[in-house]
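The chain contents come next:
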Amino acid sequence: GIQVEQSPPDLILQEGANSTLRCNFSDSVNNLQWFHQNPWGQLINLFYIPSGTKQNGRLSATTVATERYSLLYISSSQTTDSGVYFCAVFDFGNEKLTFGTGTRLTIIP
Amino acid sequence: DAGITQSPRHKVTETGTPVTLRCHQTENHRYMYWYRQDPGHGLRLIHYSYGVKDTDKGEVSDGYSVSRSKTEDFLLTLESATSSQTSVYFCAISRQENYGYTFGSGTRLTVV
């Protein structure tokens, strides 16, 4: 099946800083999603981004499918950005959404 | 926010008892999923449904069964709960199987 790896595993930043999270995947995909799991456990779908760039407020994401990676940018971090960020791709061979290992982001006031 | 609710939010049950978790959606999405999330294992698919009465197994389906008698409801049953089934259970919905997943708030289940 498709392997999905994320880096860094942990990231601690001061409020106001910018960050870049990376997602690498082992096979060609056209259906990458980014999720945020907040400290209360809620999983929020941030982006569906099979290719190109999308922006939503302080968050933006870029996927380069031909090079098998996606980046999530968070600008001017706020404490509410804390949590775990997952990328996920749908593996048509196994018919399931495969999640990366996650990046735990902690924003310090 | 997408209309998806899980019940109960928290449950403590005894080993050997049956337990049913409910997922309810108001979005009329075709696909519904049950996942469990455990430290060190991430999110793992238990069962999924691609229509009324159409369900299939995921990667960790042993000890679980599901039913979908209406588009809006997807039930997960632990036939005889074991301590290894202590976990946080998430339901998700999507219009298509390969994108646009929306997750419920989760059910924290403790089997004692």
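Above this text is the structure in question.
Note that the coordinates shown come from a computational prediction; the quantities given were computed from them, not determined experimentally. (Residues numbered from 1 in each chain as written. Chains lettered and ligands numbered in written order. Predicted model: local features only at pLDDT ≥ 70, side-chain atom pairs only at ≥ 80, totals over all residues. Heavy atoms only, no water.)

Visitor: Even after reading the chapter, I still don't get the nonpolar core, so can you show me in this structure?
Guide: General note: in soluble globular proteins, nonpolar side chains tend to be found buried as a group. Grouped together as the largest cluster of nonpolar side chains are 21 residues, with contacts concentrated most on Val-4, Cys-23, Phe-25, Leu-32, Trp-34, Leu-72 and Leu-105 of chain A. Taken together, the elements giving at least two residues each to this core come down to strand 2 (10-14), strand 3 (19-25), strand 7 (59-64), strand 8 (69-74), strand 9 (83-91) and strand 11 (103-108) of chain A. Counting 19 residues, the second largest nonpolar core, distinct from the first, contains Leu-43, Val-84 and Ala-88 of chain A together with Phe-103 of chain B. (Core = buried A, V, L, I, M, F, W, Y, C linked by side-chain atoms within 4.5 Å. Buried < 20%, exposed > 50% of the residue type's maximum accessible area, 1.4 Å probe, protein only. Helix = DSSP H or I, 4+ residues; strand = E, 2+ residues; numbered from the N terminus.)

Visitor: Help me understand the packing of aromatic side chains in this model?
Guide: Each aromatic ring pair is characterised by the separation of its centres together with the angle its planes make. Residues and elements named next belong to chain B. Evaluation of the coordinates by the stated rule reveals 15 aromatic pairs over all chains. Between the aromatic rings of Tyr-35 and Phe-103, the centroid separation amounts to 5.7 Å while the plane-to-plane angle is 50°, which identifies the pairing as tilted. You can see Tyr-35 sitting in strand 4 (residues 31-38) and its partner Phe-103 sitting in strand 10 (residues 102-103), a full 68 residues away along the chain. Taken individually, Tyr-35 and Phe-103 each receive the classification buried, so the pair is uniform in this respect. (Phe/Tyr/Trp six-rings, centres within 6.5 Å; stacked < 30°, edge-to-face > 60°.)

Visitor: Sorry, what's going on with the pairing of strand 4 of chain B here?
Guide: It is a general feature of regular strands that their side chains alternate between the two faces of the sheet. Residues and elements named next belong to chain B. Counting buried positions over the eight residues of strand 4 gives eight, a clear majority of the element. What you see with strand 4 is no split at all: Tyr-31, Tyr-33, Tyr-35 and Gln-37 on one side and Met-32, Trp-34, Arg-36 and Asp-38 on the other are buried throughout. In terms of strand pairing, strand 4 meets strand 5 (residues 42-51) through seven bridges, oriented antiparallel. Its bridge partner being in strand 5, Tyr-33 is matched across the sheet by Tyr-48. (Pairing = 2+ DSSP bridges.)

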